[in-house]
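Overview (structure and organization)
Here are the chains, one letter per residue:
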Amino acid sequence: MKKVQSNVAQALDGVLFDGMTIMAGGFGLCGIPEALIYAIRDSGVKDLTVISNNAGVDGIGLGVLLETKQIRKMISSYVGENKLFAQQYLSGELELEFNPQGTLAERIRAGGAGIPAFFTKTGVGTIIAEGKDVREFDGESYVMERGLFADLSIVHAFKGDTEGNLVYRKTARNFNPIMATASRFTVAEVEHLVEAGKIDGDQVHTPGIFVKRIVHVPNPVKHIEQRTTRPRLVAASEVN
C-alpha cells in the first residue's frame, strides 16, 4: 500500500464526508496539522464534530473551520484563545462538550486502546459529572467517562518515513501520538520525509501500522501563540 501522497488534497481524497468526527492534533498552535486543516476547509465538508484540545486562535488552525462554520460540535478542554469559538458557543451556533484536560487525553488514549469507558475522580461533584454514571470504589466516588474514537485523525509530525512511522519533536508531540491511534483513518503531515528504515525503531513514537496516508509538508509556519519577552539586561561594561 502506497502511503505517501503528493499533496494534502490527495491525502484526504475519499475520506471526508458531512457529519464526520475528526481528531486534530496539537496544543494551542504547537504541533497542529495546519496544511490538512486548510485542505478540510477547502473541501467544503460540513457539520463536523472535532475533537481537539482547543480550536487554535482566530484565523489560524481550527479557527479557519470556525470562520466557515464547518464545525457543528467541539469536544475540547480549552477555548480561551479563540474569541470566535467563545462567541459561537455563547450564541448557540456551536455545540461544546467540555472536558478536564487530563480526562480528554485519557478518553482519546482509551479509544485508541479499545477501552469503551473508564472511571476517574476528576469532576466528581461538579457539572462535569451531571448525567454520568458515578460509582464508589474503595470508599471514593468516581465518574465514568467514555473513550473517544473518530472517523479521521489528522496529525503533525517532525519526521516520518514512507511506511508511516512518525517522530514528533519536543512539545509538538502533545496530543498527536494518542490521536493517531484513535480513529479509523489517520493522515499525517510531516516536515521531513525519509525512506523506510532511516528512522531508528527505538525513536519511533507512532508506528506506521496506525497511519494510512502521509504527506510531506516542508518548512511549515511555526506560529507563536503568545509572544512573551522581557527587557534586555544591560551589562555594566555597556553603560556609558
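All of these numbers come straight from a predicted model, not from anything done at the bench. (Residues numbered from 1 in each chain as written. Predicted model: local features only at pLDDT ≥ 70, side-chain atom pairs only at ≥ 80, totals over all residues. Heavy atoms only, no water.)

Description of the pattern of salt bridges
Under the criterion given, the structure shown has 13 salt bridges. Residue D42 pairs with R41 through a salt bridge whose shortest N-O separation is 3.1 Å. A relative accessible area of 30% places R41 in the partly exposed class. Of the charged contacts in the structure, one is a salt bridge between E106 and R109, with a shortest N-O distance of 2.8 Å. A residue pair is termed a helical-turn pair when its members lie 3 or 4 positions apart in one helix, as E106 and R109 do in helix α5 (residues 101-112) at 3 residues. We classify E106 as partly exposed; its relative accessible area is 27%. You can call R109 partly exposed: its relative accessible area is 36%. (Salt bridge = Lys/Arg side-chain N within 4 Å of Asp/Glu carboxyl O. Buried < 20%, exposed > 50% of the residue type's maximum accessible area, 1.4 Å probe, protein only. Helix = DSSP H or I, 4+ residues; strand = E, 2+ residues; numbered from the N terminus.)

A closer look at helix α2 (residues 34-43)
Because an α-helix completes one turn every 3.6 residues, residues spaced three or four positions apart along the sequence face the same direction. Within α2 the residues assigned to the buried category are E34, A35, L36, I37, A39 and I40. Looking one or two residues past α2, G44 carries a phi angle of roughly 85°, positive in sign.

Some thoughts on the nonpolar core
Counting residues in each nonpolar core, the largest one holds 31 residues, and the members touching the most others are L12, L36, I40, L62, M74, L152 and I154. The biggest single contributor to this core is α2, with 5 residues. Leave out the neighbours within four places in its chain, and I154 touches L12, I22, M23, A24, G25, P33, L36, I37, I40, N176 and V187. (Core = buried A, V, L, I, M, F, W, Y, C linked by side-chain atoms within 4.5 Å. Contact = heavy atoms within 4.5 Å.)

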